[in-house]
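# Structural characterization, general
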Amino acid sequence: MDVGQMQRQWLDYTRSLFIEGFLDNQFLQLQQLQDENNPEFVVEVVSLFFEDSERILKDLTFALDQQGVDFKKVDAHVHQLKGSSSSVGAQRVKNACIAFRNFCEEQNVEACLRCLQQVKQEYCLVKNKLETLFRLEQQIVAAGGSIPMMELSF
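Just so we're clear, the structure is a prediction, and the values are computed from it rather than from any experiment.

This next bit is on the UniProt feature "modified residue: Phosphohistidine" (unreviewed entry) in the protein. Here, the residues flagged by UniProt with the feature "modified residue: Phosphohistidine" (unreviewed entry) are His 79. By the element assignment, His 79 lies in helix H4 (residues 71-88).

Here it is, written out as structure tokens:
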């Protein structure tokens, strides 16, 4: 596959991530902060998001597994995950966290456990999608090309 085809594939794939709601404009803003002086900026920020999210999801699983669930602690973890997912543009994770926080407020353990599964699923999906996107970028650069700028109009 030539560079032009890979760039078109990257654009189509990226566009699909926005159309399907995995990413929002915050991700575009991250991309705009990346330049030749810091070509790995987005990958580095998203990698930190992955590390934080996995720690938070583990903490949430533990917190909801306790006899007397501390809903303030659960809510604090969900709030943190909502903020970090929002900062990288992981829209579906952020939206799942919003619903999760409502059930924390109600102190509904069963609903919180369902929301935890939903958040984990959305996190895994966006992680896989972003890892695929970053692999495409590596292939483009390895072939001597540059990553096209996204201009979304749909």
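Under the feature "domain: HPt" (unreviewed entry), the UniProt entry names residues 38-143. Taken end to end, residues 38-143 is 87% helix and 0% strand, and its first and last C-alpha atoms sit 20 Å apart.

Moving on: the packing of aromatic side chains. In this structure the tally under the stated criterion is three aromatic pairs. Note on Phe 49 and Tyr 123: the rings are 6.1 Å apart at their centroids and 65° apart in plane angle, and the pair reads as edge-to-face. With a gap of 74 residues between them, Phe 49 in helix H3 (residues 41-64) and Tyr 123 in helix H6 (residues 109-142) connect regions that are remote in the sequence. Measuring from centroid to centroid gives 6.2 Å for Phe 50 and Tyr 123, while their planes differ by 80°, and the two rings are edge-to-face. With Phe 50 in helix H3 and Tyr 123 in helix H6, the pair connects residues that are 73 residues apart, well separated along the chain. The class for Phe 50 is buried, based on a relative accessible area of 9%. Since its relative accessible area comes to 3%, Tyr 123 is described here as buried.

Next up on the list: the nonpolar core. The biggest cluster of nonpolar side chains holds 44 residues, and the ones touching the most others in it are Leu 23, Phe 27, Leu 60, Val 74, Phe 100, Val 126 and Leu 130. Residue assignment for this core shows that the elements contributing at least two residues are helix H1 (3-19), helix H2 (25-33), H3, H4, helix H5 (91-106) and H6. Ranked by residue count, the leading element in this core is H6, at 11 residues. Beyond its immediate stretch of four places on either side in the chain, Leu 130 contacts Leu 23, Phe 27, Val 46 and Phe 50.

Attention now goes to the packing of H3 against H6. Closest axis-to-axis distance for the H3/H6 pair is 11 Å, and the angle between their directions is 160°. If you check the angle between H3 and H6, you find them roughly antiparallel. Taken as a pair, H3 and H6 cross one another with a handedness that is left-handed. Residue-level contacts link Val 42, Val 43, Val 46, Phe 49, Phe 50, Ser 53, Glu 54, Leu 57, Leu 60, Thr 61 and Leu 64 of H3 to Cys 112, Leu 113, Leu 116, Val 119, Lys 120, Tyr 123, Val 126, Lys 127, Leu 130, Glu 131 and Phe 134 of H6. Classifying every residue of the contact of H3 with H6 gives 16 nonpolar, two polar and four charged.

Once that is clear, we can look at the environment of Asn 128. Position of Asn 128 relative to the elements: it lies in helix H6. For Asn 128, a relative accessible area of 46% corresponds to the partly exposed category. Taking C-alpha positions, Asn 128 is 21 Å from Thr 61, a pair spaced 67 residues apart along the chain.

Quick look at the packing of H4 against H5 now. Direction vectors running N to C along H4 and H5 enclose 160°, while the axes themselves pass 9 Å from each other. Here H4 lies roughly antiparallel to H5, going by the angle between them. Seen along the crossing, H4 lies across H5 with a hand that is left-handed. Contact residues: Phe 71, Val 74, Asp 75, Val 78, His 79, Leu 81, Lys 82, Ser 85 and Ser 86 in H4; Val 93, Lys 94, Cys 97, Ile 98, Phe 100, Arg 101 and Cys 104 in H5.

The rules behind the values
- Residues numbered from 1 in each chain as written.
- Predicted model: local features only at pLDDT ≥ 70, side-chain atom pairs only at ≥ 80, totals over all residues.
- Heavy atoms only, no water.
- UniProt positions renumbered as here; feature names shortened; annotations may be inferred.
- Helix = DSSP H or I, 4+ residues; strand = E, 2+ residues; numbered from the N terminus.
- Phe/Tyr/Trp six-rings, centres within 6.5 Å; stacked < 30°, edge-to-face > 60°.
- Buried < 20%, exposed > 50% of the residue type's maximum accessible area, 1.4 Å probe, protein only.
- Core = buried A, V, L, I, M, F, W, Y, C linked by side-chain atoms within 4.5 Å.
- Contact = heavy atoms within 4.5 Å.
- Axes fitted to C-alpha atoms, helices over the stretch in contact; angles between N-to-C directions.
- Parallel < 35°, antiparallel > 145°, perpendicular 65-115°, else oblique.
- Left-handed = near helix turned anticlockwise from the far one by under 90°.
- Nonpolar A, V, L, I, M, F, W, Y, C, P; charged D, E, K, R; others polar.

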